[in-house]
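Here is how the chains run, residue by residue.
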Amino acid sequence: MQENVPLAPLTTLRIGGPARFFAPIASEDDLLEAVHFAQSRNLPLFVLGGGSNLLVSDLGYDGVVLHIALTGAPDVIEPQLGNPIDYTVPAGNDWDAFVLSVCQQGIAGIECLAGIPGQVGGTPVQNVGAYGQEVAGTITQVRALDLQALEFVTLSAADCHFSYRHSRFNSTDRGRYAVTSVTFRLDPGATPNLGYADLKQHFAAASTPPTPLDVYHAVRAIRHRKGMLLVEGEPDCRSAGSFFKNPVVPADALPRVAAALELDPAAVPHWPAPGGLTKLPAAWLLERAGFHKGYALGAAGISSRHTLALINRGDATQADLIALRDRIQQTIHDRFAIQLEQEPVMLP
């Protein structure tokens, strides 16, 4: 157990003060021991993974931060040649490295999720998704410590209550579970997902069908071009990725947005969502509200390559990012009567 450990270096935004107590978790026994330490002192707990979806308070965290460092080779179960393969992956493994290893085996199912920063254990929390895929489509179970009952549990995909960028872990049971491993089921006979427009364009001239590894590299290239691949040293690298979720709204919001912009409703990009709802692109709304790539508000700003990525331009604080977030949310609400929801977790 360490004390007063700076958290900013452990996040992709590079923002935040120190943790009062900090425990690297390399085993499930470590996890139980650290939880008992916190509970015996009546201290709050926070589970930190890769820090890629996190905005830490400038004052730090007056509690115990559990830094998940459970790593190792996935446990692979292939019942019969050609049947789906189960990969049980420690929560602390790097997500992109796992995606690459699967694609190198020629197996599709998560190739469109290449280049997403963070750890495996964080993917079910946000139901990570991109370019037509979500982890909910391949996860069969999640092993976690129930911090209330102090028991390890195995939750099925149905138990996780997955939906768009949503799970029980970031909603009804936020803070209740510490994920220790995730099991993914992948079909060796599946073909890569090329439903996303940028991928279709990328492979339009290909003479042969792309392999999962081809799609992996294409997705990383597309993400890099859009400023959504975190490369240390690049000006937009201190980011938490997409800061706002694409809003899912009632169908009558579409004509309201169109009227505000003096457009025909057909000119507003949108997609059908479950329950008769409509999904709108948050980046498109920001751009039409005046928040363009490169927009700056003090030390915080918008990426020069992706409208949804808010960045630390140098020495930004949590307060700086919040000021920019609030300005964007208020403007979008005033113009379109839509409330944007942020993706990164706030600590505290």
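Scroll up a little and you will see the structure.
Bear in mind the structure is a predicted one, so any value in this text is a computation, not a measurement.

K.L.:
I keep staring at the layout of surface pockets and nothing clicks. Help me out?
P.N.:
Unoccupied space between atoms shows up once a probe the size of one water molecule is rolled over them. What the second largest pocket holds in volume is close to 460 Å³. Contributing to the lining of the second largest pocket are 26 residues, with Tyr164, Arg165, His166, Lys245 and Glu341 lying nearest its centre. For the lining of the second largest pocket, the secondary-structure elements that each account for two or more residues are strand 14 (248–249), strand 15 (271–273), strand 16 (277–279) and strand 20 (345–347). Residue composition of the lining of the second largest pocket, grouped by class: 12 nonpolar, eight polar and six charged.

K.L.:
Would you mind showing me how to read the sheet that holds strand 10 (residues 139–146) here?
P.N.:
Strands belonging to one sheet form pairs held by backbone hydrogen bonds; the direction of such a pair is parallel or antiparallel. If you walk across this open sheet you meet the five strands as 6-7-12-10-11, and the pairing is antiparallel. Edge positions in the sheet fall to strand 6 (75–77) and strand 11 (151–156), since each of these pairs with one other strand and no more. Direction aside, neighbouring strands of the sheet carry axes that sit 15 degrees apart on average. Where strand 10 meets strand 11, six bridges bridge the pair, whose relative direction is antiparallel.

K.L.:
Whenever I open this one, helix 5 (residues 212–225) confuses me. Can you help?
P.N.:
Along an α-helix, a turn takes 3.6 residues, which lines up residues three or four apart on a common side. Spanning 14 residues, helix 5 covers 20 Å between terminal C-alpha atoms, matching the ideal 20 Å at 1.5 Å per step. Among the residues of helix 5, those classed as buried are Pro212, Val215, Tyr216, Ala218, Val219, Ile222 and Arg223. Contacts made by the buried residues of helix 5 are with helix 2 (95–104), strand 8 (129–130) and helix 4 (197–202). Immediately downstream of helix 5, the backbone of Gly227 shows phi near 75 degrees, a positive value.

K.L.:
Can you help me understand the packing of aromatic side chains in this one?
P.N.:
Tallied over the entire structure, the rule returns 10 aromatic pairs. With a centroid separation of 5.8 Å and 55 degrees between ring planes, the pair formed by Trp95 and Phe98 is classed as tilted. Here Phe98 and Trp95 lie together in helix 2, a separation of three residues that amounts to about one turn. Pair check on accessibility: Trp95 and Phe98 agree, each one buried. Relative to Phe184, the ring of Phe98 has its centre 5.3 Å away and its plane inclined at 40 degrees; by these criteria the two rings are tilted. Of the two residues, Phe98 sits in helix 2 while Phe184 sits in strand 12 (residues 177–186), which places them 86 residues apart along the sequence. In terms of burial, Phe98 and Phe184 fall into one category: buried. Of note, Lys279 hangs over the ring of Tyr164, and the distance from its end group to the ring centre comes to 3.8 Å.

Conventions we followed
Residues numbered from 1 in each chain as written. Predicted model: local features only at pLDDT ≥ 70, side-chain atom pairs only at ≥ 80, totals over all residues. Heavy atoms only, no water. 1 Å grid on protein atoms, 1.4 Å probe; cavity = no way out; pocket = protein on both sides within 12 Å on 5 of 7 lines; lining within 4 Å. Points joined across faces, edges and corners; volume = space filled by probe spheres on them. Helix = DSSP H or I, 4+ residues; strand = E, 2+ residues; numbered from the N terminus. Nonpolar A, V, L, I, M, F, W, Y, C, P; charged D, E, K, R; others polar. Pairing = 2+ DSSP bridges. Axes fitted to C-alpha atoms, helices over the stretch in contact; angles between N-to-C directions. Expected span 1.5 Å × (residues − 1). Buried < 20%, exposed > 50% of the residue type's maximum accessible area, 1.4 Å probe, protein only. Contact = heavy atoms within 4.5 Å. Phe/Tyr/Trp six-rings, centres within 6.5 Å; stacked < 30°, edge-to-face > 60°. Lys NZ or Arg CZ within 6 Å of the ring centre and 35° of its normal.

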